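# An overview of the molecular structure
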Amino acid sequence: MRPEQQRSGAGSAAVRAALEAAKDMGERYVVVLGHPTYCPRFGFTRASPHGIGLTIDVPDDAAATSRC
């Protein structure tokens, strides 16, 4: 989110809508690249302990996964 849109609830609404859409499509898991202190509030945990890695250079705790 752009700084002027932060703390408006728009990001949370977008994450919830994306998780619901994934669930409606029958997806069992979602993987995101996000802020390590923001994503856990939606049930996301680090992806690497689940064997999920990225081929781009990002901090390990930025890649997260959640069950739908």
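Structure first, text after, so check above.
This report concerns the structure included in the present document. (Residues numbered from 1 in each chain as written. Predicted model: local features only at pLDDT ≥ 70, side-chain atom pairs only at ≥ 80, totals over all residues. Heavy atoms only, no water.)

### Observations concerning the pattern of salt bridges
Which entries qualify depends on this criterion: Throughout this description, the term salt bridge denotes a Lys or Arg side-chain nitrogen within 4 Å of a carboxyl oxygen of Asp or Glu. Only protein chains enter the accessibility calculation, which uses a 1.4 Å probe. A residue is then buried if its area is under 20% of the maximum for its type, exposed if over 50%, and partly exposed in between.
The tally for this structure, following the rule as stated, stands at two salt bridges. A salt bridge links E4 to R2; the shortest N-O distance between them is 2.8 Å. Each member of the pair, E4 as well as R2, carries the same accessibility label: exposed. For D60, the salt bridge is made with R46, and the minimal N-O distance between the two is 2.8 Å.

### Here's the deal with the side chain of T65
In plain terms, the rule: The helix and strand labels rest on DSSP assignments: H or I over at least four residues marks a helix, E over at least two residues marks a strand, and numbering proceeds from the N terminus. Definition of a polar contact: a pair of N or O atoms within 3.5 Å, with one able to donate and the other able to accept a hydrogen when the atoms are protein atoms, and with sequence-neighbouring residues admitted only if both atoms are side-chain atoms. Only heavy atoms matter for contacts: two residues are in contact if any of them lie within 4.5 Å across the pair.
Counting through the fold element by element, T65 comes out in strand β3 (residues 63-67). From its side chain, T65 meets the backbone oxygen of V30 in a polar contact 3.1 Å long. Not counting residues up to four positions away in its chain, the partners in contact with T65 are Y29, V30, V31, G43, F44, T45, R46, A47, H50 and I52.

### Brief notes about the environment of V15
Position of V15 among the secondary structure elements: in helix α1 (residues 10-24). On the basis of relative accessible area, V15 is assigned to the partly exposed category, the value being 21%. Placed 40 residues apart in sequence, V15 and T55 show a C-alpha to C-alpha distance of 24 Å.

### Points about α1
To keep things clear, this is the line we draw: Each helix should span, by expectation, one fewer than its residue count multiplied by 1.5 Å. Starting at the helix axis, one direction is taken to each C-beta atom, and the arc is that of these directions.
Compared with an ideal rise of 1.5 Å per residue, which puts 15 residues at 21 Å, α1 spans 21 Å between its outermost C-alpha atoms and is within 8% of the ideal. Among all positions of α1, only G11, S12, L19 and A22 are buried. Down the axis of α1, the buried side of the element spans an arc of 105°, and every buried residue falls inside it. In the core, the buried residues of α1 are packed alongside β1 (29-33). Positive phi shows up at G26, right after α1, with a value of about 85°.

### Overview of the pairing of β3
Heads up, the condition is: Only when DSSP finds a minimum of two bridges between them are two strands counted as paired.
Burial analysis of β3 places four of its five residues in the buried class, the great majority of the element. As paired strands, β1 and β3 are joined by five bridges and run antiparallel to one another. Across the sheet, the residue bridging to Y29 is R67, located in β3. In this sheet, β3 lies alongside strand β2 (residues 45-46) in antiparallel orientation, the contact comprising two bridges. The residue bridging T45 from the neighbouring strand is T65, located in β3.

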